[in-house]
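# Chain and residue survey
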Amino acid sequence: MASLSLKHIYKVYPNGAKAVNDFTMDIEDKEFIVFVGPSGCGKSTTLRMIAGLEDITAGELKIGDLVVNDVEPKDRDIAMVFQNYALYPHMTVFENIAFGLRLRKMPREEINRRVKEAAEILGITDYLGRKPKEMSGGQRQRVSLGRAIVREPKVMLLDEPLSNLDAKLRTQMRSEIAKLHKKLGTTFIYVTHDQIEAMTMGTRIVVMKDGFVQQIDTPKNLYNYPGNKFVAGFIGTPQMNFFEGTLKKVGDFVEVAFKYTDAKVIVPYSYFYKTRPSYLNGETNVIIGLRAENVSLDPETVAKSNATIKVKISHKEELGNETLIYGDINMEGDGYTESSTRIIIKSLAEIEYNAGDVVTAALDLDHVHLFDAESEVSILPRIPEFNYLDCEVQNGSVAFLGVKAELPPAIECESGVGELLIPTDAIKLGGDITARVLGVENIQGRKLLSMELGGRRIFAVVEEDVTTPEVNISLDMKKITILRDGAEVVSPMPEKVSFDGRFVKKKVVENVPETEAERAKRLKKEKKHAPAPAPVQSEEGEAEVAVPAEPVEEEPIVTKPKKVIKFSLDIEDAEFNAPEEIAQKLIAALTIKRVFDKKYRYECTPYDLTIGETGIAAKVEAVLDYGTERFAKCAVGDKTVYVKLDDNNIPTPGTDIRLLPEIDKLAIIQADMDIRLV
Ligand code: ADP
């Protein structure tokens, strides 16, 4: 039993193929994690890196508390089950299961006990004397599971174990593996390309595409809150309907228009509180997603709905308990080809339709999904990024939702009306704005607080538990944006500072303390030449008395000049010694050909920089006073960086200063390949 931690894991194959990018996740003890995605998305590579069958190019893998990047597969306390069973054909089932234990020289009785117990769990006790060829695929896969179980591993890794089985057996084995997981109480990591397998077995699922993690969540959340169009389309059958469209805010309502058709529905703006207003201008293309079960042809539902569209039916698929009805919302469309007007509707089996019928369908917009047309990222996210509000700036303060907040000296803005963007993480508890608490949702370890202020719902991501009916809040002013006619008149302070540089390896001559061997040799030589010690004269009668010992002069450390290899971080032409741990990580990434003298990017936050005597040369352009905190806006070469200031050391604009980054806090990215190494 063990937890696992994967931090910024990358895999670049020697041929340059980047199979896995920045894979980061914590897996808890006893979880059943499924990696799912289309072929080639990097799921097997990730599993093989956990098993130790592939080197990790960059990043840190921990099993329990131990970093195992360089630990041999056999010492990782894991067991792996493969798609092709990998059984020895000439051995019996018993021998196949016992083989690994025999190699470990386990006592015979213990082997017998473990094999028998595993065989019982898997229901193959009667087959222990058979050879693999005398068994079915399902039975063979049980044997290979048995071989993994008897090792009592901390982590079970399964790579498409059911792919070779027929559909019926796959369904049966699915529940058996789920049961096995419960019984063993071991952490399972399971790879499959089959979303149904993933949805039915995983406690959490990692959806991957092209080497990138798309989303990590529970099956239910992936289904209800897909973070992008890929996940929305990959999870669930039939695939979610996707339509191209536009959204237009008109007063307290939003017009949802479906492209290539006359279809239009009008819904309250409250549905779109989590969406950026720039999507609500009636022009920006969006993708509207609705699952087949969220469209209804039921006459009663249609009669009650105020979001209906016309559908021309083309054909249907009877599935017994339900019917999938295919149609088009474009009256010219054929409903057969996948297009941005084709629609699939789940309906009760009894309802009869004929091809060519035009019917009215009700859309359940409580379950609508919206995606950016280009990036395909959800624009109706579960945790919104911002609150979008109308505001008015008046003489150094900003009024919104019936309250007023003082603007700090750092924010200069002419009076007038505009839009205020408050990031959800910029609303802090404590302050003089009182809001009514509507609820707190725990989402992936983050707390989303919903509040009512001035008749509108606003959101904040908070650390603390909120149990009171009201809260006092304030804004982190360095994070807000004010827009006027769509243009930013107040911009947030960037949260990240980025420098260019290199990682340098140098041979230098240094005075290094002599080694033990060198010391011994020197002492021997010195002894040879040293004068004999003078005889000690003791006074009569005092021989027994202890004489306080003369303080022994400590031998000075003798150093010798030697050539040593030094690693340093060259950041914007300033050199910093690379601490051992960082140097090790960078060198470990040597598999990505030539770590040295490549372009690197160093990233940190304004809080990780201080002003020093030495360091990166910078010129102070301005001091930004945000009330409780002050920052220096500096020019470093052609870059702008921000530095959190110590209140006792406020530089004057125009002065040259030096910046010291906290080396431990730096993210180090190899720029050419965009790989985060530290
Ligand atoms: P999946 O398991 O999701 O099907 P893999 O992890 O096997 O995907 O592969 C991910 C990517 O890495 C693919 O593009 C594949 O071609 C590439 N790849 C896998 N193994 C190697 C290898 N040994 N050498 C080079 N490229 C590889």
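Residues numbered from 1 in each chain as written. Predicted model: local features only at pLDDT ≥ 70, side-chain atom pairs only at ≥ 80, totals over all residues. Heavy atoms only, no water.

Our next topic: the overall build of the protein chain. Assigned secondary structure in the protein chain consists of 11 helices and 41 strands. Against the 2.2 N^0.38 benchmark of 26 Å for 678 residues, the protein chain shows a C-alpha radius of gyration of 34 Å, more extended than a compact globule. By principal-axis analysis of the C-alpha atoms, the protein chain measures approximately 125 × 90 × 50 Å. Within the protein chain, the proportion of its 678 residues that are buried is 47%. (Helix = DSSP H or I, 4+ residues; strand = E, 2+ residues; numbered from the N terminus. Rg over C-alpha atoms; globule rule 2.2 N^0.38 Å. Buried < 20%, exposed > 50% of the residue type's maximum accessible area, 1.4 Å probe, protein only.)

It is worth spelling out the environment of glutamate 54 at this point. Checked against the element boundaries, glutamate 54 lands in the loop between α1 (43-51) and β4 (58-63). Judged by relative accessible area, glutamate 54 falls into the buried class, the value being 18%. Taking the C-alpha atoms as reference points, glutamate 54 and proline 409, separated by 355 residues in sequence, lie 55 Å from one another.

We note that the domain assignment places domain 1 (4-232), domain 2 (238-372), domain 3 (386-490) and domain 4 (565-676) within the protein chain. In this structure, domain 1 and domain 3 have C-alpha centres spaced 46 Å apart. (Domains from an automatic or database assignment.)

A few words on the packing of aromatic side chains. Considering all chains together, one arrives at 15 aromatic pairs under this definition. For the pair tyrosine 271 and phenylalanine 272, a centre-to-centre distance of 6.5 Å together with 50° between the ring planes defines the contact as tilted. Ring pairs connect the aromatic residues Phe503, Phe567, Tyr600 and Tyr602, which therefore count as one cluster. Positioned over the ring face of phenylalanine 242 is lysine 229, at 5.0 Å from the centre of the ring. Over the aromatic face of phenylalanine 459 sits the side chain of lysine 274, whose NZ or CZ is 5.2 Å from the ring centroid. (Phe/Tyr/Trp six-rings, centres within 6.5 Å; stacked < 30°, edge-to-face > 60°. Lys NZ or Arg CZ within 6 Å of the ring centre and 35° of its normal.)

Attention now goes to helix α5 (residues 167-184). Between its first and last C-alpha, α5 extends 26 Å over 18 residues, near the 26 Å set by a 1.5 Å rise per residue. Burial in α5 covers these residues: Met173, Arg174, Ile177, Leu180 and His181. Taken end-on, α5 shows its buried residues confined to a sector of 135°, consistent with a single buried face. Among the exposed residues of α5, those oriented more than 90 degrees off its buried face are Lys168, Lys179, Lys182 and Lys183. Residues of α5 that are buried sit in contact with β3 (32-36), α3 (108-122), α4 (137-149), β8 (187-192) and α6 (195-201). (Expected span 1.5 Å × (residues − 1). Arc of directions from axis to C-beta. Contact = heavy atoms within 4.5 Å.)

Okay, the site of the ligand next. The environment of the ligand is made up of Tyr13, Asn15, Ala17, Ala19, Pro38, Ser39, Gly40, Cys41, Gly42, Lys43, Ser44 and Thr45. Here cysteine 41 contributes a backbone N or O atom positioned 3.0 Å from an oxygen atom of the ligand. A per-class count over the shell around the ligand returns 5 nonpolar, 6 polar and 1 charged. (Near = heavy atom within 4 Å. Polar contact = N/O pair within 3.5 Å; in protein donor to acceptor, adjacent residues only side chain to side chain. Nonpolar A, V, L, I, M, F, W, Y, C, P; charged D, E, K, R; others polar.)

We now examine the nonpolar core. One finds Ile97, Leu145, Met156, Ile177, Tyr190 and Val207 to be the most contacted residues of the largest nonpolar core, which totals 44 residues. Of all hydrophobic cores here, the second largest spans 39 residues; its members include Ile325, Ile345, Val359 and Val461. (Core = buried A, V, L, I, M, F, W, Y, C linked by side-chain atoms within 4.5 Å.)

Examined against the element boundaries, leucine 165 turns out to sit in the loop between β7 (155-159) and α5. With 293 residues separating them in the primary sequence, leucine 165 and isoleucine 458 have C-alpha atoms 51 Å apart. Not counting residues within four places of it along the chain, the set of residues in contact with leucine 165 comprises Tyr85, Gly137, Gly138, Arg170 and Met173.

Moving on, we get to α3. With 15 residues, α3 should reach 21 Å at 1.5 Å per residue; the first-to-last C-alpha distance of 21 Å fits that figure. By the burial criterion, the buried members of α3 are Ile111, Arg114, Val115, Ala118, Ala119 and Leu122. Projected down its long axis, α3 carries its buried residues within an arc of 130°, all on one side. Those residues of α3 that are exposed and aimed more than 90 degrees away from the buried face are Glu109, Lys116 and Glu120. Within two residues after α3, glycine 123 carries a phi angle of roughly 70°, on the positive side.

So, on to the pattern of salt bridges. When their charged atoms lie close together, side chains carrying opposite charge are able to pair. Evaluated as defined, the whole model comprises 38 salt bridges. Its salt-bridge partner being lysine 11, residue glutamate 54 comes within 3.5 Å of it at the nearest N-O pair. Residue glutamate 54 is located in the loop between α1 and β4, and its partner lysine 11 is located in strand β1 (residues 4-12); the two are separated by 43 residues in the primary sequence. The pair formed by glutamate 54 and lysine 11 is uniform in burial state, with each residue classed as buried. (Salt bridge = Lys/Arg side-chain N within 4 Å of Asp/Glu carboxyl O.)

Taken in spatial order, the 4 strands line up as β27-β26-β25-β28 in an open sheet, and their pairing is antiparallel. Whereas interior strands pair on both sides, the edge strands pair on one side only; in this sheet they are β27 (456-462) and β28 (470-475). Pairwise comparison of adjacent strand axes, ignoring direction, gives a mean angle of 50° for this sheet. Pairing of strand β26 (residues 446-453) with β27 involves 7 bridges; the strand directions are antiparallel. Across the sheet, the residue bridging to leucine 449 is alanine 460, located in β27. (Pairing = 2+ DSSP bridges. Axes fitted to C-alpha atoms, helices over the stretch in contact; angles between N-to-C directions.)

Right, let's talk about unusual backbone geometry for a bit. Note: most peptide bonds trans; most residues except glycine with negative phi. A cis amide bond links threonine 237 with the next residue in sequence, proline 238, at an omega value of -10°. Considering the arrangement of structural elements, one finds proline 238 in the loop between α8 (229-234) and β11 (241-250). Backbone geometry at glutamate 152 places phi at a positive 45°, although glycine is not the residue there. Structurally, glutamate 152 is set in the loop between α4 and β7. Positive phi is not limited to glycine here, since glutamate 572 has a value of about 50°. Within the secondary structure layout, glutamate 572 lies in the loop between β32 (559-571) and β33 (574-577).

Quick look at the sheet that holds strand β24 (residues 416-423) now. Strand order in the open sheet formed by 6 strands is β23-β22-β21-β24-β29-β30, and the pairing between neighbours is antiparallel. The open sheet has two edge strands with one neighbour each: β23 (403-406) and β30 (487-490). Adjacent strand axes in the sheet meet at a mean angle of 40°, parallel and antiparallel pairs treated alike.

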